[in-house]
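Close look at the chain arrangement
Next come the chains, spelled out residue by residue.
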Amino acid sequence: MKIAIASAAALVAASSHGQIVIDDFDGGGVAAFNVSIDNSANNGAFPSSGFDVFGITDRTVSFDFADDSAGSFPADEFGLAGTSKTDRFFGVADLSNNDNPGGTGSASWTLSIAGLSNLAVSIEFAAMGDFEAGDNSHTFTYSIDGAPAQPLFTIDSRDDVDAFPYQMEGGAVVTIDDPLEVQGQGFITNSFNAFTASVLGSGSSLTINYEAGVNNGGFEPFAFDNLILIPTPASAALLGLGGLAAARRRR
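Parameters and conventions
- Residues numbered from 1 in each chain as written.
- Predicted model: local features only at pLDDT ≥ 70, side-chain atom pairs only at ≥ 80, totals over all residues.
- Heavy atoms only, no water.
- Helix = DSSP H or I, 4+ residues; strand = E, 2+ residues; numbered from the N terminus.
- Buried < 20%, exposed > 50% of the residue type's maximum accessible area, 1.4 Å probe, protein only.
- Areas by Shrake-Rupley, 256 points an atom, 1.4 Å probe, with all protein chains shown as cover.
- Phe/Tyr/Trp six-rings, centres within 6.5 Å; stacked < 30°, edge-to-face > 60°.
- Lys NZ or Arg CZ within 6 Å of the ring centre and 35° of its normal.
- Pairing = 2+ DSSP bridges.
- Patch = residues over 30% accessible without salt bridge, like charges linked within 9 Å, V, L, I, M, F, W, Y side chains within 5 Å.
- Salt bridge = Lys/Arg side-chain N within 4 Å of Asp/Glu carboxyl O.
- Lys, Arg positive; Asp, Glu negative; His and termini not counted.
- Charge placed at Lys NZ, Arg CZ, Asp CG, Glu CD.
- pLDDT = per-residue confidence, 0-100.
- Contact = heavy atoms within 4.5 Å.

**Observations concerning the overall build of the protein chain**
Within the protein chain one finds two helices and 18 strands. Relative to its 251 residues, the protein chain shows a buried fraction of 51%. As presented, the protein chain carries roughly 10,700 Å² of accessible surface, and 53% of it is formed by carbon and sulfur atoms.

Structure, rendered in structure tokens:
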């Protein structure tokens, strides 16, 4: 477990346009992080199966995640983290195994939002595979000061979409049925792209919760990276003037 204290004034000054890094999975961020399944000792992979993943990882965790079409394997036609994706991210693949008989997983991030309002959260998503509705669900919600959870991002398969195009880092286009979709915002590709959703209300503490369905099956990787809190310019100014203490904990 690692705890660090940082002033929000310093965080805002170091970030672009007052955006605050909630978690970048590379040691940066201001949120207290908790995960229901701790696979950190194994680069996010479950001990019983290296292709079953839940947690902070990188492109080397398995061939399901790595796109080597612009590197060691030009004929590669599957993967969501190319050779240019050298940093870490949160990966999910096939949660139903002997190490996790319940077949689901969750994570949460909690941070102070005192003095802030009119907020938004941005997260980068990537995925590739022939997904199934319900089985391959991913749900992000938020809660302020312990209030009932509100939807942030709702993700599931669009089983009615055929031949969805995925572009490999080497240039080839691969088509697969049933892509993942962020409800109301569009499809997720095998490149990390940011999606943004509003956080309504204000208070002292913001908690973002993530719930994963069982994702039962191979060749269905999903990943996310760079959780960012976006305050309005006025809120960012208040934050910088007033200061804010934020604790970060990993376990």
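**A word on the packing of aromatic side chains**
Describing an aromatic ring pair means giving the distance of the ring centres and the angle of the ring planes. Within the structure shown, the criterion is met by 23 aromatic pairs. Taking the centre distance of 6.3 Å and the plane angle of 10° together, the rings of Phe54 and Tyr210 count as stacked. Here Phe54, found in strand 5 (residues 49-57), pairs with Tyr210, found in strand 16 (residues 205-212); they are 156 residues apart in sequence, far enough to count as distant. Taken individually, Phe54 and Tyr210 each receive the classification buried, so the pair is uniform in this respect. Aromatic rings pair up to connect Phe25, Phe33, Phe54, Phe90, Trp109, Phe125, Phe140, Phe153, Phe195, Tyr210, Phe222 and Phe224 into one cluster. One residue, Lys85, lies across the ring of Phe192, its end atom 4.2 Å from the ring centre.

**So, the pairing of strand 16**
Here eight bridges tie strand 7 (residues 105-112) to strand 16, and the two strands are oriented antiparallel to one another. Looking across to strand 16, one finds that Ser112 is bridged to Ser205. Alignment of strand 9 (residues 138-144) against strand 16, held across seven bridges, turns out to be antiparallel. Residue Ile144 lies in a different strand from strand 16, and its bridge partner there is Leu206.

**Quick notes on a negative patch on the surface**
On the surface, Asp130, Glu132, Asp159, Asp162 and Asp177 cluster together into a patch of negative charge. Counting through the fold element by element, Asp177 comes out in the loop between strand 12 (173-176) and strand 13 (180-182). Using a relative accessible area of 32% as the deciding quantity, one classes Asp177 as partly exposed.

**Some points on the pairing of strand 9**
With six of seven residues buried, strand 9 lies mostly within the body of the structure. Note: strand 9 against strand 10 (residues 150-157), five bridges, orientation antiparallel. Its bridge partner lying in strand 10, Thr141 is registered against Pro151. The hairpin turn running from strand 9 into strand 10, its antiparallel successor, is five residues long, and Asp145 in that turn takes a positive phi close to 55°.

**Overview of the side chain of Asp52**
Checked against the element boundaries, Asp52 lands in strand 5. Buried within the structure, Asp52 lacks any salt-bridge partner; its nearest side chain of opposite charge belongs to Arg88, at an N-O separation of 17 Å.

**Some thoughts on the pattern of salt bridges**
Taken as a whole and judged by the stated rule, the model has six salt bridges. Glu181 is the partner of Arg158 in a salt bridge, and the nearest nitrogen-oxygen pair spans 3.2 Å. Of the two residues, Arg158 sits in the loop between strand 10 and strand 11 (164-167) while Glu181 sits in strand 13, which places them 23 residues apart along the sequence. When salt bridges that share partners are traced, they join Lys85, Asp87 and Asp225 into one network.

**Let's talk about the confidence of the model for the protein chain**
Chain-level pLDDT for the protein chain is 88 on average; 86% of the residues reach the 70-or-more range. A low-confidence stretch, residues 1-16 (pLDDT under 50), is modelled with 27 contacts involving residues beyond four sequence positions or located in other chains. Note on residues 236-251: pLDDT under 50 across the span, and 57 contacts to partners over four residues away in sequence or across chains.

**Structural notes on the environment of Pro231**
Along the chain, Pro231 falls in the loop between strand 17 (222-230) and helix 2 (233-242). Between the C-alpha atoms of Pro231 and Ala120, which are 111 residues apart in sequence, the distance is 6.5 Å.

**Digging into the environment of Asn216**
The topology assignment puts Asn216 in the loop between strand 16 and strand 17. As for Asn216 and Asp135, which are separated by 81 residues in sequence, their C-alpha atoms are 6.7 Å apart. Setting aside its immediate chain neighbours within four residues, Asn216 contacts Asp94, Ser96 and Asp135.

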